[in-house]
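Residue-level structure breakdown
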Amino acid sequence: MAVLAEETTRDRLYNFTSRFQIFIILILIVAVFSALRFDSFATFANFRNVLVQAAIFSVMAVGATYVIITKGVDLSVGSILVFSGVAAAKVMEALGDQGWPIAIVGIIVACLSGLMWGIVNGLLVAKAKVPPLIATLGTMGIIQGLALILSGGIDLKDAPYVLGDVIGFGSFLGLPVLAWIAAAVIIIGGVVLKITKFGRHTFAVGSNSHAALEMGINTERHLIKVYALAGFLAGLAGILSLARFGSTTISGHATDNLQVIAAVVIGGTSLFGGVGSVFTTAVGVFIPAVLTTGLVMVGAQSFWRDVLVGMVLIGAVYFDQIGRQSKK
Amino acid sequence: MEAVLEARGVVKRFGRIEALRGTNFEVRPGEVVALLGDNGAGKSTLVKTLCGVHTPDEGEVLVDGKPVTFNSPSDAQAMGIEVVYQDLALAPDLDSAANVFLNRELLRGGLAGKLGVLNFGEMRRRTEKALEDMQVKLPSVSVRMDALSGGQRQSVAVVRAIMWADRLVVMDEPTAALGVEQQKAVLRLIKRVRETGRSVILISHNVPDVLEVADRAEVLRHGRRTARFEGDQMTTENLVGAITGALIQEDA
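In what follows, the accompanying structure is described. Note that the structure is a prediction, hence the values are computed from the model and not measured. (Residues numbered from 1 in each chain as written. Chains lettered and ligands numbered in written order. Predicted model: local features only at pLDDT ≥ 70, side-chain atom pairs only at ≥ 80, totals over all residues. Heavy atoms only, no water.)

1. Notes on the sheet that holds strand β6 (residues 81–84) of chain B
All names here are of chain B. Ordered in space as β6-β7-β8-β3-β9-β10, the 6 strands form an open sheet in which the pairing is mixed. Here the strands that pair on one side only, and so sit at the sheet edges, are β6 and β10 (224–230). Direction aside, the axes of adjacent strands within the sheet are offset by 20° on average. Strands β3 (32–37), β7 (168–172), β8 (199–203) and β9 (216–221) of the sheet are contacted by helix α1 (residues 43–50), whose axis makes an angle of about 140° with β3. Sheet strands touched by helix α6 (residues 150–164): β6 and β7. Its angle to β6, the strand with the most contacts, is close to 170°. (Pairing = 2+ DSSP bridges. Helix = DSSP H or I, 4+ residues; strand = E, 2+ residues; numbered from the N terminus. Axes fitted to C-alpha atoms, helices over the stretch in contact; angles between N-to-C directions. Contact = heavy atoms within 4.5 Å.)

2. Considering the packing of aromatic side chains
Residue and element names in this part refer to chain A. In this structure the tally under the stated criterion is 6 aromatic pairs over all chains. Note on Y66 and F198: the rings are 6.1 Å apart at their centroids and 40° apart in plane angle, and the pair reads as tilted. Of the two residues, Y66 is situated in helix α3 (residues 44–69) and F198 in helix α9 (residues 197–207); the sequence distance between them amounts to 132 residues. A centroid spacing of 5.4 Å and a plane angle of 85° characterise the contact between F83 and W117, whose relative ring orientation is edge-to-face. Taken together, the residues F83 in helix α4 (residues 77–95) and W117 in helix α5 (residues 100–127) connect sequence positions 34 residues apart. The residues F83 and W117 share a single accessibility class, namely buried. (Phe/Tyr/Trp six-rings, centres within 6.5 Å; stacked < 30°, edge-to-face > 60°. Buried < 20%, exposed > 50% of the residue type's maximum accessible area, 1.4 Å probe, protein only.)

3. A closer look at the pairing of β10 of chain B
All names here are of chain B. The pairing of β9 with β10 spans 6 bridges and is classified as antiparallel. Pairing of V219 across the sheet is with A227, part of β10. Here β9 folds back onto β10, and the loop between the two strands holds 2 residues, one of which, H222, carries a positive phi near 50°.

4. Considering the environment of E212 of chain B
Residue and element names in this part refer to chain B. Summarising the element assignment, E212 is placed in helix α8 (residues 207–213). Once the C-alpha coordinates of E212 and T196 are considered, the two residues, 16 residues apart in sequence, prove to be 18 Å apart. Not counting chain neighbours up to four residues away, the residues in contact with E212 comprise L187 and K191.

5. Points about unusual backbone geometry
A positive phi angle is found at K71 of chain A, which is not glycine, with a value near 75°. Here K71 of chain A shows up in the loop between α3 and α4. We note that N103 of chain B has phi near 65°; this positive angle belongs to a residue other than glycine. Its location among the elements puts N103 of chain B in the loop between α3 (96–100) and α4 (110–114).

6. Quick look at the sheet that holds strand β1 (residues 5–14) of chain B
Residue and element names in this part refer to chain B. Strand order in the open sheet made by the 4 strands is β2-β1-β4-β5, with antiparallel pairing throughout. Each edge of the sheet is formed by a strand with only one pairing partner; in this case those strands are β2 (17–27) and β5 (66–68). Mean inter-strand twist for the sheet, computed between neighbouring axes without regard to direction, equals 35°. With 5 bridges joining them, β1 and strand β4 (residues 58–63) adopt antiparallel strand pairing. What sits directly across from E6, in β4, is L62.

7. Looking at helix α11 (residues 219–245) of chain A
Residue and element names in this part refer to chain A. Between its terminal C-alpha atoms α11 stretches 39 Å, which fits the 39 Å expected from 27 residues at 1.5 Å a residue. With 20 of its 27 residues buried, α11 lies for the most part within the structure. Positive backbone phi, approximately 60°, marks G246, located one or two places after α11. (Expected span 1.5 Å × (residues − 1).)

8. Structural notes on the pairing of β1 of chain B
Residues and elements named next belong to chain B. Alignment of β1 against β2, held across 8 bridges, turns out to be antiparallel. In the strand pairing of β2, V11 is matched with R21. Linking β1 back to β2 in an antiparallel pair, the connection comprises 2 residues, with G15 at a positive phi of about 60°.

9. A look at helix α9 (residues 236–244) of chain B
All names here are of chain B. What α9 keeps buried is the set L239, G241, A242 and I243. Turning to α9, the residues buried within the fold contact β3, α8, β9 and β10. Looking one or two places after α9, you find G245, whose phi comes out positive at around 95°.

10. Observations regarding the interface of chain B and chain A
Facing 30 residues of chain B, the contacting portion of chain A comprises 29 residues. When chain B packs against chain A, close to 2500 Å² is buried across both sides, 58% of that on carbon and sulfur atoms. For the pair chain B and chain A, the number of links is 0 salt bridges. Taken together, the links from chain B to chain A amount to 8 residue pairs in polar contact (both at pLDDT 80 or more). For the side of chain B that touches chain A, the residue count by class is 18 nonpolar, 4 polar and 8 charged. (Buried area = accessible area lost by both parts, 1.4 Å probe. Salt bridge = Lys/Arg side-chain N within 4 Å of Asp/Glu carboxyl O. Polar contact = N/O pair within 3.5 Å; in protein donor to acceptor, adjacent residues only side chain to side chain. Nonpolar A, V, L, I, M, F, W, Y, C, P; charged D, E, K, R; others polar.)

11. With respect to the nonpolar core
Among the nonpolar cores identified, the biggest contains 120 residues, and F25 and I201 of chain B are the most heavily contacted of them. Ranked by residues supplied to this core, first place goes to α3 of chain A with 14 residues. When near neighbours in sequence (up to four residues on either side) are disregarded, F25 of chain B contacts L5, E6, A7, V33, L35, L46, L50, I201, E218 and R225 of chain B. Core analysis: the next-biggest nonpolar cluster, separate from the first, contains 51 residues, L36, L90, L106 and A130 of chain B among them. (Core = buried A, V, L, I, M, F, W, Y, C linked by side-chain atoms within 4.5 Å.)

12. Considering the side chain of R225 of chain B
All names here are of chain B. With respect to the element layout, R225 can be found in strand β10. Engagement of the side chain of R225 in a polar contact is seen with the side chain of E218, the distance being 2.8 Å. The contact partners of R225, leaving out residues within four places of it in the chain, are T23, N24, F25, E26, E218, V219, L220 and A252.

13. Digging into the pattern of salt bridges
Residues and elements named next belong to chain B. According to the stated counting rule, one finds 24 salt bridges over all chains in the structure shown. Notably, a salt bridge pairs E18 with R13, separated by 3.4 Å at the nearest N-O pair. Residues E58 and R13 are paired through a salt bridge, measuring 2.7 Å at the closest nitrogen-oxygen approach. Highlighted residues: E58 in strand β4 and R13 in strand β1, separated in sequence by 45 residues. We classify E58 as partly exposed; its relative accessible area is 40%. Via salt bridges that share partners, E26, R28, R228 and E230 belong to a single interconnected network.

This is the structure in structure tokens:
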């Protein structure tokens, strides 16, 4: 028993430090930039700027956290974002008005488009048993291609003004509306994962899908729901992006999938499934966002961001591996 | 005494292969019965038929003397029959309370419950109680499964089965992957299950294990029951003889 108690303590310590590791890294990055450029970096204006940058990625990363906990991956989120934005813009253009009713129709169209593609991904992974990497690599191309066909390859810019004014650039209680939306998605997504039956089954499917099946969980249906959630959130990100940039930004999301996966993994969610948290994913999203603005302010080339994010990513997975081996 | 669970003349075919060829088998109340047989004798197929994974092509399955039809494992579970699979069916990243209540999660009352919010406290409390009843000691029910020893994991799987099985627990090679001390602990656990009044089917290759805990033994060979032993007939010589086919009882 003594030996076991020791393992348990180490287990907890490992969980504790790996959870906080990423917070500590984020705080260190903020501290370094603040020390170098206190006048511009540690300002409220810059804080707002970082929040806006992180917001749209956070929404996609919440879905990706669920997917990665099931031992899956979704490469198609960037394409879904583009497709949903194009579909919403097309419908809103056809209805041709600038008011809220049209904007709401656009929001619904974007979310439903995302949901539909998410269900397609889920069916491919759960029913057709195509490995997630391949299934979503395939749909990534298909969805992006269809978005280009639908739009004729030209960015649509006819979003209702209210969408941009209120959602894209609006503020509520001093903070960007985009950040509030992202915060709501993170909190709901994080709490559902932590304390509900749906979250529990997500962990179980990722930890040992065979066991989940033997205990009577409908693992196929659960996987479809998880991919549907990821698609839905990518659709929501699509309308947020349209609101922010006033354009469908067709060619701007080719690497969103990798950035989202990087954020999830930096946040400590394991690619081996069964372990993860939406709240630490949110921290994982902030690291690239903080680096981007910080590096610009200290006068470094912004390309350094990619170098540093890559290093943090490899470090995060390395420590995850070490933690797993020490438990064996 | 009427059998808790009985198979009568069960035939199960997979394509042209006849895995069970008119197999009989019975479990009486409150007993540990060993199901023995060489590889390919039909042990797994029989057990899968008894717990609803397979449906028999011919013959019938009876619970408390009444014919039943199991279309899925959950039908058998509803009749109080649980299986401890050889792979244990545990999620290594979840703790024992989560595993014991896997897919039988308790929800909170009111609106929170409708939204699917788990009742962590109650699940932990009931798991602790069940472990205590079976005298299984764990550092805590909140420890991840992969931080426990093989024997402790086996115990959690058995306790989970007992928790949901009113009638019968089926154990598939429960000591196969364990060290000597842990094997003993699992055998003690099997005896405690019998003390609770439940029956146990013990599938095993291990003759000493069977001699230690089983009240009776039934032996399968080529998809048929070829021997039954109880009392002082339960000897290594008889069991091994029946498994290898050297000993066949005409009336089995």
